[in-house]
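Residue-level listing of the chains:
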Amino acid sequence: LKSRHVQLISIGGVIGTGLFLGTANALRHGGPLGLLMGFAALGSVCYAVMVSLGEMIAHLPVSGGHITLAHRFVDPAFSFAMGYNYWYNWTIVLPAELNAAAVLIGYWSDVNAGVWITVCLVVAVAINLGGTKAYGECEFWFAIIKVITIVGLILLGIILDAKPDANGDRIGFRYWRNPGPFVQYMDVPGSLGRFLGFWAVLIQAAFSFIGTEIVAIAAGEAKNPKKNLPKAIKRVYIRIIVFYILGTLIIGLLVASNDPRLNLGTNDAASSPFVIAIQNAGIPALPSIINAALLTSAWSAASSDLYTGSRALYGLALNGNAPKILRRVNSWGLPYLCVAVGAAFALLSYMSVGAASAGKVFGYFSNMTSVCGLITWAAIAFTYIRFHKAAKIQGLDRRTLPYRAPLQPFLAYYALVFCIIILFFNGFAVFIHDGSEGPYVFDKSTFITSYFPIVFFPVLYFGFRVFGKSEVVDLSIADLQTGSRVEEERDEEEKTPKNAVQKFWAWCVSRALASLKM
């Protein structure tokens, strides 16, 4: 992966169906202010995780990313559990993204969702079988489309909100007054219902932010990571503020939280809040254009999911935690068997072909993905805490590292505690009566998707501790050097353009990157 690939993957990694589609449920559950507060809170956690991960991975850009680092600084059993949780995460998020694509295409067509799931899956597999360069190049262009789309939607949203209609009225904060800034979640009255609405947003926000750590997995296949990764990590907070905070603010201004089209559980949902806002504005043709751009986002996300899941499984195999046969690569280093395993699990997306709608299946898988992702974030924070202690014990001056995270180890502790609290209470809805006159009904599906991954992790950890007889790593002898790839610091990052065409292309790429970093 070249510098431009890494930069755009890190930018595009925080833009996906979670923002374009998942915010529909978040707005419906939390209201405009609950939506904004929930995404802001998770954005702070995302930043804390990314700077912690960035410091480690810029210094040690190893295959397997944070899974391998957990093996070094915590415990082989912890790495085993973390690795399978991470692989499981990306294995089930792929069906979620494929169903999201089916929901988006359903805006135009009533054809069975299975047809569109097949088309999107074939595209994702083809991109991944092309190898890392093909994936990087596709993600480069997908990310540009996503960035242009979200920036354009934010600017259009500002115009629609401020522009007076025929009667001279502006939207302004109309929907913050009626139906209100918060939603009484499940019709629970008072401040408790409003707080529960905000808390429900946190789970959906987690699905939107999960994936920013993909840059760590890509580090092992990146050129000159000591130079390129710090650039990507340092600008994470800008992307969080511009894309998510502004994006959710615009959504809350333009769409009422009680709009029935926000319900992804129905087959006739207009899906994206952005599309609903443009429909409300009465702009012809533009909803279809935006929906097409959002569809490329779902395609991009599916491709990234398959890439990350295959590399996570490959990292497990390299560490001896998966069958050796999965270490096989072709002549250009592609772990094709790992890609095949990920594609096989993607067949779960066809659950939506039955009685359940694609939107409902998307909700199931996105909820499980949020839980797995939060477990991964907590594990990354804990790994960094161990890394920080190892550096202190062994006398490694963090000021000499390619990237030194601010406010450490306090940010890592903040991320760890916040993630644990959200995980513990993430399935609260199944224990609450919805306020209707009927009897309380225990939602088994929601309970399983909310808490199964949390039980799965300690089972993997203690199972490996018992049968693998692993021990916690002694931080005084933890390996802080192997895999640092010092030799690449002496190499030229990119080849110098040799002709006018190459020089013009390099100039265009540098201008595009510069404009995105503004």
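Just so you know, these numbers come straight off a predicted model, no measurement behind them.

Here the focus is the overall build of the protein chain. Counting secondary structure elements, the protein chain contains 19 helices and zero strands. Scored against the burial criterion, the 518 residues of the protein chain give a buried share of 58%. Long-range contacts, defined as pairs at least 24 residues apart, comprise 82% of the intrachain contacts of the protein chain with a sequence gap of at least 6. When the accessible area of the protein chain is evaluated, it comes to approximately 21200 Å², of which 65% is carbon and sulfur surface.

With that out of the way, let us pick up the packing of aromatic side chains. Enumeration according to the criterion identifies 28 aromatic pairs in this entry. Taking the centre distance of 6.0 Å and the plane angle of 50° together, the rings of Phe39 and Phe209 count as tilted. With Phe39 in helix H3 (residues 23-59) and Phe209 in helix H9 (residues 190-209), this residue pair connects regions lying 170 residues apart in the sequence. Pair check on accessibility: Phe39 and Phe209 agree, each one buried. Centre to centre, the rings of Phe452 and Phe456 are 5.5 Å apart; their planes meet at 20°, and the pair counts as stacked. With Phe452 and Phe456 both in helix H18 (residues 444-467), this residue pair falls four residues apart, about one helical turn.

What follows concerns the packing of H3 against helix H12 (residues 236-254). Direction vectors running N to C along H3 and H12 enclose 175°, while the axes themselves pass 9 Å from each other. Compared by their axis directions, H3 and H12 come out roughly antiparallel. Counting all contacts with H3, which are made through Thr23, Leu27, Pro32, Leu35, Leu36, Phe39, Ala40, Gly43, Cys46, Tyr47 and Met50, the residues of H12 involved are Val236, Tyr237, Ile240, Tyr244, Ile245, Thr248, Leu249, Ile251 and Gly252. When grouped by side-chain class, the residues that make up the contact of H3 with H12 number 16 nonpolar, four polar and no charged.

Within the fold, Ser300 resides in helix H14 (residues 286-318). In the structure, Ser300 is positioned 161 residues away from Glu139 in sequence and 6.5 Å away in space, judged by C-alpha atoms. In contact with Ser300, not counting residues within four places along its chain, are Glu139, Phe142 and Lys146.

This brings us to a nonpolar patch on the surface. A contiguous nonpolar surface patch, about 470 Å² in accessible area, is contributed by Phe431, Phe442, Phe447, Ile448 and Phe452. By the element assignment, Phe447 lies in helix H18. Residue Phe447 is classed as partly exposed on the basis of its relative accessible area of 31%.

The predicted model of the protein chain averages 81 in pLDDT, with 83% of residues at 70 or higher. Mean pLDDT across the elements of the protein chain ranges from a minimum in helix H19 (residues 500-516), with 62, to a maximum in helix H17 (residues 410-425), with 93.

The relative placement of two packed helices is expressed as an angle between their axes plus a distance between the axes. Their axes nearest at 9 Å, the elements H3 and helix H11 (residues 225-234) cross at an angle of 175°. It follows from the interaxial angle that H3 and H11 lie roughly antiparallel. Of the residues in H11, those touching H3 at Met50, Val51, Gly54, Ile57, Ala58 and His59 are Lys226, Leu229, Pro230 and Ile233. Here the contact of H3 with H11 is composed, by residue class, of seven nonpolar, two polar and one charged.

Inspection of every chain in the model, using the stated rule, returns four salt bridges. Note that Arg261 and Asp259 form a salt bridge whose closest N and O atoms lie 2.8 Å from each other. The class for Asp259 is buried, based on a relative accessible area of 11%. Put simply, Asp397 and Arg399 hold a salt bridge, and the shortest N to O gap is 3.2 Å. The class for Asp397 is partly exposed, based on a relative accessible area of 33%. For Arg399, a relative accessible area of 65% gives the class exposed.

Along the chain, Thr23 falls in helix H3. Thr23 sits in the buried class, given a relative accessible area of 0%. Beyond its immediate stretch of four places on either side in the chain, Thr23 contacts Gly18, Leu35, Phe39, Thr248, Ile251 and Pro273.

Thresholds, definitions, all that
Residues numbered from 1 in each chain as written. Predicted model: local features only at pLDDT ≥ 70, side-chain atom pairs only at ≥ 80, totals over all residues. Heavy atoms only, no water. Helix = DSSP H or I, 4+ residues; strand = E, 2+ residues; numbered from the N terminus. Buried < 20%, exposed > 50% of the residue type's maximum accessible area, 1.4 Å probe, protein only. Contact = heavy atoms within 4.5 Å. Areas by Shrake-Rupley, 256 points an atom, 1.4 Å probe, with all protein chains shown as cover. Phe/Tyr/Trp six-rings, centres within 6.5 Å; stacked < 30°, edge-to-face > 60°. Axes fitted to C-alpha atoms, helices over the stretch in contact; angles between N-to-C directions. Parallel < 35°, antiparallel > 145°, perpendicular 65-115°, else oblique. Nonpolar A, V, L, I, M, F, W, Y, C, P; charged D, E, K, R; others polar. Patch = residues over 30% accessible without salt bridge, like charges linked within 9 Å, V, L, I, M, F, W, Y side chains within 5 Å. Salt bridge = Lys/Arg side-chain N within 4 Å of Asp/Glu carboxyl O. pLDDT = per-residue confidence, 0-100.

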